[in-house]
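Chains, contacts and geometry: an overview
Letter by letter, the chains look like this.
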Amino acid sequence: MDVVQICEIAMLIAFGASWPFNIAKSLRSRTARGKSVLFELIVVCGYFCGVIGKFYAWHQTGVLAYSIWFYFADITMVLIDVGLFIRNTRLDRLADQAASAERSA
């Protein structure tokens, strides 16, 4: 493993360290308000570009970089948060309906 891979893995760990906090916040808040699913999908696209690059390098050199596993871990965490966004959007809709029904009563 060379310095480039070590730095790349360090970057992925730094980015990946933030996702568990974001997931925990999504679980606790139970709301999608203030979240940007577009941002998260752009991040996933960026990670997939990194994965494609690693597979392309593997095809060229025959060596699959260790950093690929960190990409997969980060992608998994972002997709978990996207799933929570979907759940929280549904919860927001139900809360809005209940509040609307309460005002009408």
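Throughout what follows, the structure given in this document is the object of discussion.

Basis of the calculations
Starting from 1, residues in each chain are numbered consecutively following that chain's sequence as written. Given that the model is predicted, a residue must reach a pLDDT of at least 70 before its local features are reported, and side-chain atom pairs must reach 80 or more before they are shown or counted; all residues, however, enter totals for whole chains, interfaces and linings. The side-chain numbers reported here are obtained from all heavy atoms of the structure, hydrogens and water having been left aside. Helix and strand assignments follow DSSP, with helices taken as H or I runs no shorter than four residues and strands as E runs no shorter than two, numbered in order from the N terminus. In this scheme, a helix's expected span is set at 1.5 Å multiplied by one less than its residue total. Relative accessibility under 20% of the residue-type maximum defines a buried residue, over 50% an exposed one, and the middle range a partly exposed one, all with a 1.4 Å probe and only protein chains included. The criterion used for residue contact is that any of the two residues' heavy atoms lie within 4.5 Å. Patch definition: residues above 30% relative accessible area lacking any salt bridge, with like charges linked at up to 9 Å and the nonpolar side chains Val, Leu, Ile, Met, Phe, Trp and Tyr linked at up to 5 Å. Areas reported here follow the Shrake-Rupley algorithm with a probe of radius 1.4 Å; residue values treat only the protein chains shown as occluding. One speaks of a salt bridge when a side-chain nitrogen belonging to Lys or Arg is within 4 Å of a carboxyl oxygen belonging to Asp or Glu.

**Regarding helix α3 (residues 68-104)**
For α3, built from 37 residues, the straight-helix expectation of 54 Å at 1.5 Å per residue is met to within 8% by its first-to-last C-alpha distance of 54 Å. Considered for burial, the residues of α3 that qualify are Ile-68, Tyr-71, Asp-74, Ile-75, Met-77, Val-78, Asp-81, Val-82, Leu-84, Phe-85, Asn-88 and Asp-92. Those residues of α3 hidden inside the fold are in contact with α1 (3-29) and α2 (37-61).

**So, a nonpolar patch on the surface**
A cluster of nonpolar side chains, Met-1, Ile-6 and Tyr-66, forms an exposed patch at the surface whose accessible area comes to about 370 Å². Inspection of the secondary structure puts Ile-6 in helix α1.

**Details of the side chain of Gln-5**
Within the element layout of this structure, Gln-5 appears in helix α1. Judged by relative accessible area, Gln-5 falls into the buried class, the value being 17%. Ignoring sequence-local partners within four residues, the contact set of Gln-5 consists of Ala-65 and Tyr-66.

**Let's talk about the pattern of salt bridges**
All chains considered together, the criterion is met by 5 salt bridges. A salt bridge links Asp-96 to Arg-33; the nearest nitrogen and oxygen atoms lie 2.7 Å apart. Taken together, the positions of Asp-96 in helix α3 and Arg-33 in the loop between α1 and α2 put the pair 63 residues apart, joining distant regions of the chain. The class for Asp-96 is partly exposed, based on a relative accessible area of 41%. Lys-35 is the salt-bridge partner of Glu-40, the closest N and O atoms lying 3.4 Å from each other. By sharing partners, the salt bridges in this structure join Arg-33, Asp-92 and Asp-96 into a single network.

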